[in-house]
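Close look at the chain arrangement
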Amino acid sequence: MGAADRTFVIGGVIALPVGRRVEVTIFAREEGVFSVAKVPQIDEPLVRDLETGVVYGRSWHFQDEQAIRWNAPVAMSVRDDLEVAERVVGRLLACRVLSEGYSDPWQQTTLVVAPEASTTEYR
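Parameters and conventions
Residues numbered from 1 in each chain as written. Predicted model: local features only at pLDDT ≥ 70, side-chain atom pairs only at ≥ 80, totals over all residues. Heavy atoms only, no water. Helix = DSSP H or I, 4+ residues; strand = E, 2+ residues; numbered from the N terminus. Rg over C-alpha atoms; globule rule 2.2 N^0.38 Å. Contact = heavy atoms within 4.5 Å. Areas by Shrake-Rupley, 256 points an atom, 1.4 Å probe, with all protein chains shown as cover. Pairing = 2+ DSSP bridges. Buried < 20%, exposed > 50% of the residue type's maximum accessible area, 1.4 Å probe, protein only. Core = buried A, V, L, I, M, F, W, Y, C linked by side-chain atoms within 4.5 Å.

Another point: the overall build of the protein. On a plain count of helices and strands, the protein comes out with one helix and seven strands. Listed N to C, the secondary structure of the protein is β-β-β-β-β-α-β-β in terms of helices and strands. Its C-alpha atoms give the protein a radius of gyration of 15 Å, near enough to 14 Å, the size a compact globule of 123 residues would have. When the backbone C-alpha atoms are referred to their principal axes, the protein occupies close to 40 × 40 × 30 Å. Contacts in the protein between residues at least 24 apart in sequence constitute 61% of all its contacts with a sequence separation of at least 6. With an accessible surface of roughly 7900 Å², the protein has 51% of that area assigned to carbon and sulfur atoms.

In structure tokens, the structure reads:
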């Protein structure tokens with residue numbers, strides 16, 4: 001793995017085969033109480049397997065959180081009002097999924113991506 005490779009540590013499970021071409025998009029969201037600023041959500045990216053079309057994301061990527069209910073269907077397409085903080089397209093070099101705990105379990109996925117030369121970064 002090279003120096004230019006990107007590592008993404010994500011809350012949740014995203015099991016992808018190594019070697020797949022992927023797109024990782026990090027969106028910025030407003031945070032704060034007294035001073036609101038847009039902050040990149042680096043641990044909650046939208047991940048798209050470009051070979052199969054499968055998209056891994058959080059519910060807020062698809063629907064405003066105020067509209068989400070446990071029994072309501074969620075839109076299939078990504079919201080068009082989200083601000084892209086960074087987008088990386090490349091080949092998946094490594095994928096690790098961790099699970100921990102019994103009464104209060106958590107999961108974490110680490111993806112290592114070799115970016116393509118045409119990757120666009122927003123900052």
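With that settled, the discussion passes to the pairing of strand S7 (residues 106–115). In the sheet, strand S1 (residues 6–11) pairs with S7 via six bridges, with the strands oriented antiparallel. Bridging from a neighbouring strand, Phe 8 pairs with Leu 111 of S7. Where strand S6 (residues 83–100) hands over to S7, the hairpin turn is made up of five residues, of which Gly 101 adopts a positive phi near 90°.

Further remarks concern the environment of Gln 107. Tracing the backbone through its elements, the reader meets Gln 107 in strand S7. Its relative accessible area of 33% is what places Gln 107 among the partly exposed residues. Taking C-alpha positions, Gln 107 is 4.8 Å from Gly 12, a pair spaced 95 residues apart along the chain. Residue contacts for Gln 107: discarding those within four places in its chain leaves Ile 10, Gly 11, Gly 12, Val 13, Leu 98 and Ser 99.

Residues Phe 8, Val 47 and Val 113 are the most contacted members of the largest nonpolar core, which totals 14 residues. Only S1, strand S2 (21–31), S6 and S7 provide two or more residues apiece to this core. At four residues, S2 tops the list of elements feeding residues into this core. Discounting residues that sit within four places of it in the chain, Phe 8 has contacts with Val 24, Ile 26, Val 88, Thr 109, Thr 110, Leu 111 and Val 113. If you look at the next biggest cluster of nonpolar residues, it comprises six residues, including Phe 27, Trp 60, Phe 62 and Leu 82.

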